[in-house]
Amino acid sequence: MSTATSTTDNSHGSARPESNAPSASSQLTGPEALPELKKRIKAGLKTYPDFPKKGILFEDILPLFASHSLHTDLIRAYELQVLESFGPDNIPDVIVGLDARGFLIGPTLALRFGAGFVPVRKPGKLPGKIETADFEKEYGTDTFAIQSDAIKPGQKVLVVDDLIATGGSASAAGTLIEKSGGKLLGYLFIIELTFLKGRDKLNAPVYTLLESQAE
Ligand SMILES: O=P(O)(O)OC[C@H]1O[C@H](OP(=O)(O)OP(=O)(O)O)[C@H](O)[C@@H]1O
Ligand SMILES: Nc1ncnc2[nH]cnc12
Ligand SMILES: [Mg+2]
C-alpha cells in the first residue's frame, strides 16, 4: 500500500515589512500592554494575493499559532480586549468559536474566563438536534449549525473568530445564538476588512484587535 503525496505552492506569501516577531515569550501582561501586543500580532500575520480566488488578498493568521510567543500574545490580547470592551461585569458565560479558525482561539479564551466553549460548525458535523443558518461570505456561500441545547437561555455569549469580511459568517452565528436564547454580548476578531462593511450586518457590538485592507 502507498500514500499519494504532492506539494502545491499556490501563491507568493509575503510577511509584512515590519515582521520581527520576538522569539522569547512575551512579558507583556497588564492592560497597558494591549497596544504593544497588537503591534506584535500585526507583524506576525502574512498576506497572500489571489487566494483562494483571484482578487482576494488572503490574511493568514496561522503564523500566530506556529510561534509560542505570538500565540501567547494573541490570547492575552483577546483577554485584555474583552475586559476593555465589555467590562468586568460582562464576563462571558460561553465563548462561541466559528468553524474552523475560530476554534483556534475560542477554547483557550474560554479557559481564561472560566467560561464554556460552544462550536458553530459547518454542515454535517454535529450530532443530535441542531439549528442551521445559511449565509454568504467574501468568496462563497455556506451553512452554519449549532447544537440546540449547547447554550442555555440567558447565558452571556461572546463570538470569536479570526476575521470579519462581509460579516455573513458572524451574522449567521448571531442568528443561531439568539435562537438558542443566549444573550449576545458581541463579537471579537483579529482583523476587519473594513471596506466590506461587515459590521453593519451585526446587531451586537463588534471589536477587532487590528484593522486592515481599508481598500
Ligand atoms: O465575514 P465573512 O465574509 O463571512 O468571512 C469571514 C470568514 O471567512 C473565513 O472563514 P472560512 O469559512 O473561509 O474558512 P475557515 O474554515 O478556515 O475558517 C474566516 O475565518 C471567517 O470565518
Ligand atoms: N481576505 C480574507 N483572508 C482570510 N480569510 C478570509 N475570509 C474571508 N475573507 C478573507
Ligand atoms: Mg472561518
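Conventions adopted
Residues numbered from 1 in each chain as written. Chains lettered and ligands numbered in written order. Predicted model: local features only at pLDDT ≥ 70, side-chain atom pairs only at ≥ 80, totals over all residues. Heavy atoms only, no water. UniProt positions renumbered as here; feature names shortened; annotations may be inferred. Axes fitted to C-alpha atoms, helices over the stretch in contact; angles between N-to-C directions. Helix = DSSP H or I, 4+ residues; strand = E, 2+ residues; numbered from the N terminus. Parallel < 35°, antiparallel > 145°, perpendicular 65-115°, else oblique. Left-handed = near helix turned anticlockwise from the far one by under 90°. Contact = heavy atoms within 4.5 Å. Core = buried A, V, L, I, M, F, W, Y, C linked by side-chain atoms within 4.5 Å. Buried < 20%, exposed > 50% of the residue type's maximum accessible area, 1.4 Å probe, protein only. Near = heavy atom within 4 Å. Polar contact = N/O pair within 3.5 Å; in protein donor to acceptor, adjacent residues only side chain to side chain. Areas by Shrake-Rupley, 256 points an atom, 1.4 Å probe, with all protein chains shown as cover. 1 Å grid on protein atoms, 1.4 Å probe; cavity = no way out; pocket = protein on both sides within 12 Å on 5 of 7 lines; lining within 4 Å. Sits in = over half its atoms within 2 Å of the grid points. Nonpolar A, V, L, I, M, F, W, Y, C, P; charged D, E, K, R; others polar. Salt bridge = Lys/Arg side-chain N within 4 Å of Asp/Glu carboxyl O.

With an unreviewed UniProt entry as reference, the protein chain is termed adenine phosphoribosyltransferase, source organism Hordeum vulgare subsp. vulgare. As stated in UniProt under Pathway (unreviewed entry), the record for the protein chain gives "Purine metabolism; AMP biosynthesis via salvage pathway; AMP from adenine: step 1/1." Looking at the protein chain in UniProt, the text filed under Sequence similarities (unreviewed entry) is "Belongs to the purine/pyrimidine phosphoribosyltransferase family."

Before going further, it helps to spend a moment on the packing of helix H1 (residues 34–44) against helix H3 (residues 68–86). The interhelical angle for the contact between H1 and H3, taken along N-to-C directions, is 135 degrees, at an axis separation of 9 Å. Considering their axes alone, H1 and H3 lie oblique with respect to each other. H1 and H3 meet at a crossing whose hand is left-handed. Listed contacts from H3 to Leu34, Leu37, Lys38, Arg40, Ile41 and Gly44 of H1 are Leu70, Asp73, Leu74, Arg76, Ala77, Leu80, Gln81 and Glu84.

The biggest cluster of nonpolar side chains holds 33 residues, and the ones touching the most others in it are Leu64, Leu74, Tyr78 and Ile190. Elements with a minimum of two residues in this core: H1, helix H2 (63–66), H3, helix H4 (106–113), strand S8 (156–160) and strand S10 (183–189). The leading source of residues in this core is H3, at eight residues. Setting aside its immediate chain neighbours within four residues, Leu74 contacts Ile41, Leu64, Phe65, Ile105, Ile190 and Leu209. One finds Ala133, Ile146, Val157 and Val159 within the second-largest nonpolar core, a separate group that totals 24 residues.

This part takes up the site of ligand 1. Taken together, 16 residues lie near ligand 1, and Lys122, Asp161, Asp162, Thr166 and Ser169 sit nearest. Ala100 places a main-chain nitrogen or oxygen 3.1 Å from an oxygen atom of ligand 1. Contacts to ligand 1 include Gly167, whose backbone N or O atom sits 2.8 Å from an oxygen atom. Considered on its own, ligand 1 offers 500 Å² of accessible surface; in the complex 89% of this is hidden by protein. When atom positions are compared with the pocket grids, ligand 1 is found to occupy the largest pocket. Broken down by secondary-structure element, the contributors of at least two residues to the shell around ligand 1 are strand S9 (163–164) and helix H5 (168–180).

This paragraph deals with the site of ligand 2. In the region of ligand 2, the neighbouring residues are Ile56, Leu57, Phe58, Glu59, Arg101, Glu138, Tyr139, Leu163, Ala165 and Leu193. Interatomic distance of 2.9 Å between a backbone N/O atom of Glu59 and a nitrogen atom of ligand 2. For ligand 2, whose unbound accessible area comes to 260 Å², protein coverage reaches 93%. Here ligand 2 occupies the largest pocket. Broken down by element, the shell around ligand 2 gets its largest block of residues, three residues, from strand S3 (residues 57–60). Split by residue class, the shell around ligand 2 holds seven nonpolar, no polar and three charged.

The tally for this structure, following the rule as stated, stands at nine salt bridges. The shortest N-O distance in the salt bridge between Asp73 and Arg40 comes to 3.3 Å. Of this pair, Asp73 sits in helix H3 while Arg40 is found in helix H1, placing the two residues 33 residues apart along the sequence. Of the two residues examined, Asp73 and Arg40, each falls in the buried class.

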